[in-house]
Amino acid sequence: MNSDDSIFKKDLDLAGFACRFLKDQGAILEPGNPVINALLPKELSQALEVEEYISMARDTKEVKKYDGTALYPLEFQTPLLDKIVSMAGSAPPLLQADLKFTYIKTQGFDSLINDQFEFHRSKINIIGTGEIRTRYVLLTSRFLAQSDEQKEGLLDFSFNLDTGALAPGMHKMLVNAEKEYQTKTIQKYTEKEIIQIHEWVSRYGPDAVEEGISKFVQSMNRRFNRDSLSLDQYYQALEKEMKESLSRTGISDKLKQEREAKIALIPDELGSKKKDLLNKYSIKVSFSPVAVLAVTTPCVKVFISLISGRKKKKISMIYNPVTKSMDPMVCQSCGTSTYSLGVCRKMHLNCISCLGQSCSLCQ
Ligand SMILES: [Zn+2]
Ligand SMILES: [Zn+2]
């Protein structure tokens, strides 16, 4: 059974991203493991400031024997990847691919659905299937996490434009699909769809990023805790010293009152210093698109009767032939993609957290 967390397992595949970019720019690739060879068009090699024939590897330390071609690492903060990211980001290329499959699953959806989904106090009954075409958008985004320091990287997202579901894992699996790239009739997105895509990135991005920058988050937390502790110690010592000075002989009433007033202010001062500290180490994340691939593909629509007590509701799910799994369902209350669902009294589909609160459609 999938937990909701698994939805956020993003494909932070730098080599895949770099290869897609180079290929789109006319490079001929010879993929291998761990070394990927590439023959670049002259202008591209000049723009990237590398030789025309290069080799790349995810981890250059892994490459032991080597024949002498220039070897470039595909890691963050290496010159080649930085140039690729900035070239890709200057005008996010919109590519469109139509997928073809010689075989698409036609049965066995019930066990697939039961493996992937969890239905709370309800069960499903498959009433039919049909092949339809659907649209996905595969988006590569650059993220910038800013705190006392900053960190950047790339994230891949894939969404089903027709159902609004996050379809994790498509970038990696797309390699195996037969694709026909469209050059003439590239679909434009409507303004509504662009706003929608933006909302999806804001919805799923922060969690996906957090996973990729866990060390950065830990380091900011550690520094916050360290600085916060030394603030506590400083103000405790200050308070102690001021209180001790009150008991000294020969101190005037006026001075005593002044010091007591100062002591009373300490908690507020400490509070505001802590607030500054929290600001300093809190992490703000922003996203900008680097590449967009619009995919149209055949898929299987699975028609289902969802049964809860004596009530029934017709729903449908999408079998995604690229990931060879069912896309998650979308909560009708909050719009989040989920594999864990239930229904409210009026049979609206709700994710578990919405089910625990109250269905927003019923209010
Ligand atoms: Zn929800
Ligand atoms: Zn409801």
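Because the structure is a prediction, the values reported are computed rather than measured.

A. Structural context of the pairing of strand β7 (residues 123–146). Here 23 bridges tie β7 to strand β10 (residues 284–308), and the two strands are oriented antiparallel to one another. Across the sheet, the residue bridging to arginine 135 is threonine 296, located in β10. Pairing of β7 with strand β8 (residues 150–160), which is carried by eleven bridges, proceeds in the antiparallel orientation. Across the sheet, the residue bridging to leucine 138 is serine 158, located in β8. A loop of three residues connects β7 with β8, the two strands running antiparallel in sequence.

B. Representation of the nonpolar core within the structure. Counting residues in hydrophobic clusters, the biggest one holds 32 residues, and the most contacted among them are Val137, Phe157, Phe159, Tyr189, Ile197 and Ile213. Elements supplying a minimum of two residues to this core: β7, β8, α6 (191–212), α7 (214–246), α8 (253–281) and β10. Both of domain 2 (94–194 + 284–356) and domain 3 (215–281) provide at least three residues apiece to this core. Other than its neighbours up to four places away in sequence, isoleucine 213 contacts Phe143, Ala145 and Lys151. Counting 26 residues, the second-largest nonpolar core is a separate cluster that includes Cys19, Leu22, Leu74 and Ala88.

C. Inspection of the sheet that holds strand β1 (residues 28–30) at higher detail. Strand order in the open sheet made by the four strands is β1-β2-β3-β4, with mixed pairing throughout. Every interior strand has two partners, whereas the edge strands, β1 and β4 (71–73), have only one. Taken pair by pair, the neighbouring strands of this sheet meet at an average axis angle of 30°, ignoring direction. Here strand β2 (residues 35–39) pairs with strand β3 (residues 53–57) via five bridges, running antiparallel. Within the sheet, the bridge partner assigned to valine 35 lies in β3 and is alanine 57.

D. Main features of unusual backbone geometry. Even without a glycine there, the phi angle at lysine 324 is positive, about 55°. In the Ramachandran plot, methionine 347 falls in the positive-phi region, its phi being about 65° despite a non-glycine side chain. One can find methionine 347 in the loop between β15 (340–343) and β16 (349–351).

E. Structural context of the coordination of the zinc ion (ligand 1). With distances of 2.3 Å, the protein atoms coordinating the zinc ion (ligand 1) are Cys331 (SG), Cys334 (SG), Cys351 (SG) and Cys354 (SG). What the four donor atoms of the zinc ion (ligand 1) show is an angle range of 105 to 114° at the metal, which sorts the shape as tetrahedral. Binding-site remark: the zinc ion (ligand 1) is held by donors from one chain whose sequence spacing is C-x2-C-x16-C-x2-C. Within this pair, whereas cysteine 334 is found in the loop between β13 (329–330) and β14 (337–338), its partner cysteine 354 is found in helix α9 (residues 352–356), the two being separated by 20 residues in sequence.

Parameters and conventions
Residues numbered from 1 in each chain as written. Chains lettered and ligands numbered in written order. Predicted model: local features only at pLDDT ≥ 70, side-chain atom pairs only at ≥ 80, totals over all residues. Heavy atoms only, no water. Pairing = 2+ DSSP bridges. Helix = DSSP H or I, 4+ residues; strand = E, 2+ residues; numbered from the N terminus. Core = buried A, V, L, I, M, F, W, Y, C linked by side-chain atoms within 4.5 Å. Buried < 20%, exposed > 50% of the residue type's maximum accessible area, 1.4 Å probe, protein only. Domains from an automatic or database assignment. Contact = heavy atoms within 4.5 Å. Axes fitted to C-alpha atoms, helices over the stretch in contact; angles between N-to-C directions. Donors = N, O, S within 2.8 Å, 3.2 Å for Na, K, Ca; no water. Tetrahedral: all angles 85-135°; square planar, octahedral: opposite > 155°, others 65-115°.

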